[in-house]
Amino acid sequence: MYLTSEERQNIILKLTQPQKNALQVFSKISQKSYFANVLASHKGTERYVFEGFIDHGVVSNGVTCLCGKSLRYEFILNDVRENRSISLGRTHFQRELDIPDHIARLVTKGLHIINIELDEILYRFENNEIELPESILKHIHRIELPMEIQCLRNAQLPLLGRHKEYLFDHTKKYRQPKKPLPQNAEKKSGNRTHKDSYKEFVVKYGQAIEEYFQKKETPSDYLCRKERRLRSITYHSVYAIVDYLIDNKNLEKSTIFVDHPAIGAVKGYLSRNPDKYKVRPSSEGCHEEEYKYVAVPGQ
């Protein structure tokens, strides 16, 4: 949902200073998390640390890119090499970080969604939609909360709809305990379900993953790769592939994107085909395995 500038400012005036601070922290947490997940494999991120994104509504003469161009969309980065903060427009941002156009669009799309979510929080605050259902509150202490949920709850700000769905899903097992199964039966049942769900995913989306990579490169690219070996491989994130499946292959969306169940399935599919896909070397050994990036090697 979108609020007008006047509506947004009127609601912000009603917030306490700690609540205003919490909104800024929430925005930075969400933006940095999204930025890191989508761009972790690109070499430009070794020099630049993402600090924030601002949509000024219109092109502003008072906000300029490093190259001097007036901006509406401002990417704020910290240049680690020169120890300074810089502002870039989308085109300059894409060039500096050496990222392809479809990834730049993915970044901008995600950051816009975060701005819309800030309006949702303000709208819910204005309409006093702060309290959580008792069915969630009763069990919320039993689960680990994502940082952005903790941030909003500590400031007594309303949660987003996707946050409530996340809490509802993750407390479900405490609200509706299942009848205990014999130990052997429980283990066998769990293994069968996991294997079956993965097989179903491969049958439904395996070909779509193949198509994803085919659209990214042409046969001539592969011939060049033989000569250059793996020097110029473009690595594609698991997140970008899942986003492609959602947008083009009717894969169901997840309440919190980074918890999407398909992330593990896509990573599993790619890792099970090492003759066709390779993990980016610098991403091996990451704490979060689903953040690994993969690429089609030259054959």
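Residues numbered from 1 in each chain as written. Predicted model: local features only at pLDDT ≥ 70, side-chain atom pairs only at ≥ 80, totals over all residues. Heavy atoms only, no water.

> What am I meant to see in unusual backbone geometry here?
Excluding glycine, most residues fall at negative phi; most peptide bonds, likewise, are trans. A positive phi is found at N83, a non-glycine position, where the angle reads about 55°. Along the polypeptide, N83 turns up in the loop between β2 (70-79) and β3 (84-88). Its identity is not glycine, yet N128 carries a phi of approximately 55°, on the positive side. Looking at the secondary structure, you find N128 in the loop between α4 (101-126) and α5 (134-137). The exposure class assigned to N128 is exposed, which follows from its relative accessible area of 61%. (Helix = DSSP H or I, 4+ residues; strand = E, 2+ residues; numbered from the N terminus. Buried < 20%, exposed > 50% of the residue type's maximum accessible area, 1.4 Å probe, protein only.)

> Would you explain the sheet that holds β2 in this entry?
Each strand in a sheet pairs with another by means of backbone hydrogen bonds, the pair being arranged parallel or else antiparallel. Spatially, β1-β2-β3 is the arrangement adopted by the three strands of the open sheet, whose pairing is antiparallel. For this open sheet the edge positions go to β1 (48-64) and β3, each flanked by a neighbour on one side alone. Across the sheet, the mean angle separating the axes of adjacent strands is 25° when strand polarity is ignored. Note that β1 and β2 share nine bridges and pair antiparallel. Bridged to D55 within β2 is Y73. (Pairing = 2+ DSSP bridges. Axes fitted to C-alpha atoms, helices over the stretch in contact; angles between N-to-C directions.)

> Sorry if this is basic, but what is going on with the nonpolar core here?
Across soluble globular proteins, nonpolar side chains have a tendency to be buried as a group. In this structure, F93, I209, L245, V266 and L270 are the most contacted members of the largest nonpolar core, which totals 45 residues. For this core, the element with the most residues is helix α10 (residues 238-248), which contributes eight residues. Residues L132, I140, A155 and Y166 belong to the second largest nonpolar core, which totals 24 residues. (Core = buried A, V, L, I, M, F, W, Y, C linked by side-chain atoms within 4.5 Å.)

> I'm lost on the pairing of β3 in this one. Help?
Strand residues, when the strand is regular, have side chains that alternate between the two faces of the sheet. Sheet topology note: the β2/β3 ladder contains five bridges and is antiparallel. In the strand pairing of β3, D79 is matched with R84. Once β2 ends, the chain turns through four residues before running back antiparallel as β3, passing N83 with a positive phi of about 55°.

> Hey, could you run me through the confidence of the model for the protein in this one?
On average, residues of the protein score 77 in pLDDT, and 75% of them are at 70 or above. A low-confidence stretch, residues 218-232 stays under pLDDT 50, and its non-local contacts, those more than four residues away or across chains, total 15 contacts. The model gives residues 282-292 a pLDDT under 50, and that stretch makes 16 contacts with residues more than four places away or in other chains. (pLDDT = per-residue confidence, 0-100. Contact = heavy atoms within 4.5 Å.)

> Hey, could you run me through the packing of aromatic side chains in this one?
The description of two aromatic rings rests on the distance between their centres and on the angle between their planes. Summed over all chains, the structure comprises five aromatic pairs. With 4.1 Å between their ring centres and 10° between their planes, F75 and F93 make a pair best called stacked. Here F75 is found in strand β2, whereas its partner F93 is found in helix α3 (residues 90-97), with 18 residues between them in sequence. F93 shares its class with F75; the two are buried. Following the ring pairs from residue to residue traces out a cluster consisting of F53, Y73, F75 and F93. R272 extends its terminal NZ or CZ atom over the ring of Y198, reaching a point 4.4 Å from the ring centre. (Phe/Tyr/Trp six-rings, centres within 6.5 Å; stacked < 30°, edge-to-face > 60°. Lys NZ or Arg CZ within 6 Å of the ring centre and 35° of its normal.)

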